[in-house]
Every structure is written in structure tokens, then in C-alpha cells.
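Inside the fold
Read off the chains here:
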Amino acid sequence: MRRFLLLNLVLWLSAVAAGAATLDTIAQRGSVRIGFIADEAPFSSSKPGADPKGYAIDLCGKIADAIEGQVPQLKREYIEKTLANGFDAVKNGDVDLLCGAVTVNLKRREIVDFSQPIFLTGATALLRKDSPNYLQTLFLEKPAVRAVSDHVASTRIIGVRASTTTGTTLRDALATQVSKTKLADFPTHEDGLAALESHKIDAYIADQVLLTSLAKRARDPSALEIGDRLFTHEPYAIAMRRDDANFRLLADRALTAFYLSEEFLPMLENYFGSEAAPMLHTQIIMEHVPD
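Okay, so let's go over this structure. What you see is a predicted model, and the numbers here were worked out from it, not measured in a lab. For every chain, the first residue of its written sequence is number 1, and the numbers climb from 1 along that sequence. Owing to the predicted nature of the model, reporting of local features is limited to residues with pLDDT of at least 70; listing and counting of side-chain atom pairs is limited to 80 or more, with chain, interface and lining totals taken over all residues. The side-chain numbers reported here are obtained from all heavy atoms of the structure, hydrogens and water having been left aside.

Put simply, DSSP marks the helices as runs of H or I at least four residues long and the strands as runs of E at least two long, and each gets a number from the N terminus on. Summing up its helical and strand segments, the protein has 13 helices and 14 strands in all. Residues are treated as being in contact if the distance between any of their heavy atoms lies within 4.5 Å. Taking as baseline every contact in the protein between residues at least 6 positions apart, the subset at least 24 positions apart corresponds to 74%. Working note: accessible area of the protein is about 15000 Å², and carbon and sulfur atoms make up 55% of it. We get accessible surface area from the Shrake-Rupley algorithm with a probe of 1.4 Å; when it comes to residues, only the shown protein chains can shield them.

Written out as C-alpha cells, the structure is:
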């Protein structure tokens, strides 16, 4: 019995030491590994041969600046991940931060921790202007009366990106009712957009802020419209290893200092436009961790 208790104590101490070693590991390595999701503009996106860019990438950069204050000559390694494997990469120590349009939920908190919120949004639909009337009524505050083709009306397929919280929410909702509507998973938002434009799906569901950026990359943006009714609450944050309160405190301090600086509002304007930036600024300031 005594041997069993000692073994458990050793295992527990080992787990605590491993969980609390993020900054030490970064110092030994000489670099911080920043994981990112490639197709989540304006939060994170990339082009071949260049470092990723985006709002979440810039905020992860502010955390890296704070780490560099303790680890001189810190290098930054950018490692592309997906929503399907990104959280395990954080858990396993393959990346130190996961940056993108990353929603916080309890299931994900079972394997990773999160910084304070970096953005607040919700899911809605990207529609064609000839999408079925039931979708216009569902997602638009004031749906216009439009002609809808018979082909579109008979499809009743909604697209979502694979491995997202939005897809899970929709699938759970449809499972509780008899519905002719089917869900189609897509590996990237660009694939979902292509399917919508080619009439293979009736609507593409994602977070509103992502759809705003996605619609601008359509073949004909004027043929599309974005829903103004949100049916989920999506707080974004930066994922990091669990059981390392000191590292999370470092991250939250870096974010809070930046949120309260004069540089934050111009960053929001750069990524989300001058009209939306003041409201976003107020929302995020209200959610930040006080000094």
C-alpha cells in the first residue's frame, strides 16, 4: 500500500512538473512554437514562403514579445495546424500557442487551457441571393422576396467546416428533430464557398466574422449575403497547455497591456474596418482581465 501511494505521488509530481514547464521548455529550445490555422482570415492565414498573418497571429506575437522579455533572442517558429489536430498538438507540446479563430468550450478545455478572450462573435449563414426562402427567413432580419430556382429549393443541404463547434451544434440540433436538411462537411472555408457558388449547397454556416472575409473572396460577392441573426455564442481565445498557471498569467498580462494601449484600436481597424472597430474595442475591453 505504501509503495502504491509513493508511486502515485511520483506520478503526480511528474505531471505537475511537466505541466508547469512551458516557459522552461521554450527557454531550453530558444524558440516559441506558434501553431496557426491557415484558412481563417482575418485571424490567421498564410501564403507559401511567408510567415502567417492575421489578428490572432499579431496577438500571439504580443505574447511572444512578453516571453522574449524573459528569454533573450527568442526565435519564433510558425507551425501550420488544423482544427482537427491543433488541440492535440498543444496538449503534446508540439506547439506552445494555437492561434486562429479558436472557440473556447468545455470539451476543448478538457485537453487545453485558454487565454482571456481575444474576440467575440457568433455563427450565421452565408447565402446566395437565390437561396431558399426558409433560409432567408431563418438568418436574415428582413428577408427580401426573391425568386428561388427549383433546383436550389430541392437541395436542402447546408455546409459547415469539419471539426468546428458550429458543425457540432448543428448536428446535435438536427438529431433531435425530423428534418430533410442535411449537413455537408468541408475541409476548408474556401471549399464551402465553392460549393455554395456552384449550387451544391444552399448555405454555408460559420462564424459571422469569418463569413464577412470569405464573401469578399467570392467570384461574385454581390450575389451573396451574410446572415445578421446569430445562433451561437463564440468567444475566441489562444489555446495553450493545461496546468501551467504562470504561463497563462504571462499571456493574459501581455494581452491586457496591449488591449489598454493606444495600438489596439488601430489594429482592430486594420483587420475589421473603421466602422466595426469601436464596438469590437468596447466588447473586448469589457471581457479583458483587469490589471
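Next comes the rest of the write-up.
What follows covers empty space enclosed by the protein. Cavity and pocket criteria rest on a 1 Å grid covering protein atoms alone: a 1.4 Å probe that fits but cannot get out defines a cavity, protein on both sides within 12 Å along at least 5 of 7 lines defines an open pocket, and an atom within 4 Å of a point defines a lining residue. Grid points are joined across faces, edges and corners, and a volume is the space filled by probe spheres set on the points. Under the counting rule described, the total for this entry stands at one cavity of 30 Å³ or more. Looking at the largest cavity, its volume works out to about 120 Å³. Only strand S9 (157-161), helix H8 (165-175) and strand S11 (203-207) provide two or more residues apiece to the lining of the largest cavity. Examining the composition of the lining of the largest cavity, we find that three residues originate from one element, S11, more than from any other. Lys, Arg, Asp and Glu make up the charged group, whereas Ala, Val, Leu, Ile, Met, Phe, Trp, Tyr, Cys and Pro make up the nonpolar group; the residues left over, Gly among them, are polar. Classifying every residue of the lining of the largest cavity gives six nonpolar, five polar and five charged.

Moving on to the pairing of strand S8 (residues 123-128). The classification of residues rests on relative accessible area computed with a 1.4 Å probe and restricted to protein chains. Under 20% of the type maximum is buried, over 50% is exposed, and intermediate values are partly exposed. With six of its six residues buried, S8 lies for the most part within the structure. At least two DSSP bridges between two strands are needed for those strands to be called paired. As paired strands, S8 and S11 are joined by five bridges and run antiparallel to one another. Bridged to Thr-124 within S11 is Ala-206.

What follows concerns the pattern of salt bridges. A pair can form between side chains of opposite charge whenever their charged atoms are brought close. What counts as a salt bridge is simple: a side-chain nitrogen of Lys or Arg found within 4 Å of a carboxyl oxygen of Asp or Glu. Evaluation of the coordinates by the stated rule reveals 14 salt bridges. Across the salt bridge formed by Arg-29 and Asp-96, the nearest N and O atoms sit 2.8 Å from each other. Of this pair, Arg-29 sits in helix H2 (residues 22-29) while Asp-96 sits in the loop between helix H4 (86-91) and strand S5 (97-99); the two residues are 67 residues apart in sequence, bridging distant segments of the chain. Owing to a relative accessible area of 24%, Arg-29 belongs among the partly exposed residues under this scheme. Judged by its relative accessible area of 0%, Asp-96 falls in the buried class. As a salt-bridge pair, Asp-130 and Arg-128 come within 2.8 Å of each other at their nearest N and O atoms. One network of salt bridges, with partners in common, ties together Arg-29, Asp-96 and Arg-241.

Before going further, it helps to spend a moment on the sheet that holds S9. Within the open sheet, the five strands sit side by side as S10-S9-S11-S8-S12. Their pairing is mixed. Unpaired on one side and paired on the other, strand S10 (182-186) and strand S12 (224-226) mark the two borders of the sheet. With direction set aside, neighbouring strand axes in the sheet form an average angle of 30 degrees. Of the strand pairs in this sheet, S9 and S11 are connected by three bridges, and their pairing is parallel. Within S11, the residue paired with Ile-158 across the bridge is Ala-203. In this analysis, axes come from line fits to C-alpha atoms, helices being fitted only over the stretch in contact, and the angle between any two N-to-C directions falls in the range 0 to 180 degrees. Relative to the sheet, helix H9 (residues 189-197) contacts S8, S9, S10, S11 and S12, its axis offset from that of S11 by approximately 150 degrees.

For the rest of this paragraph, the subject is the pairing of strand S1 (residues 31-37). With six of its seven residues buried, S1 lies for the most part within the structure. Summarising the sheet, S1 and strand S4 (residues 75-81) pair through seven bridges and their orientation is parallel. When the sheet's bridge partners are listed, Val-32 is paired in S4 with Arg-76. Where S1 lies against S5, three bridges are found, and the strand directions are parallel. When the bridges of S5 are listed, Ile-34 appears paired with Leu-97.

Here the bond from Ala-41 into Pro-42 is cis, since omega is 5 degrees, no more than 30 degrees from zero. By the element assignment, Pro-42 lies in the loop between strand S2 (39-40) and strand S3 (44-45). The phi dihedral of His-199 falls on the positive side, at around 65 degrees, and the residue is not glycine. Look at His-199 and you get partly exposed, because its relative accessible area is 26%.

Here we take up the nonpolar core. Core analysis: the biggest nonpolar cluster contains 40 residues, and Phe-43, Tyr-55, Ile-118 and Phe-119 have the highest contact counts within it. Broken down by element, the residue count for this core peaks at eight residues, all from helix H3 (residues 55-68). Only buried Ala, Val, Leu, Ile, Met, Phe, Trp, Tyr and Cys residues count toward a nonpolar core, and they belong to the same one when joined by side-chain atoms within 4.5 Å.

You can see Ser-31 is positioned in strand S1. The residues contacting Ser-31, other than those within four sequence positions of it, are Ile-26, Leu-74, Lys-75, Glu-77 and Asp-96.

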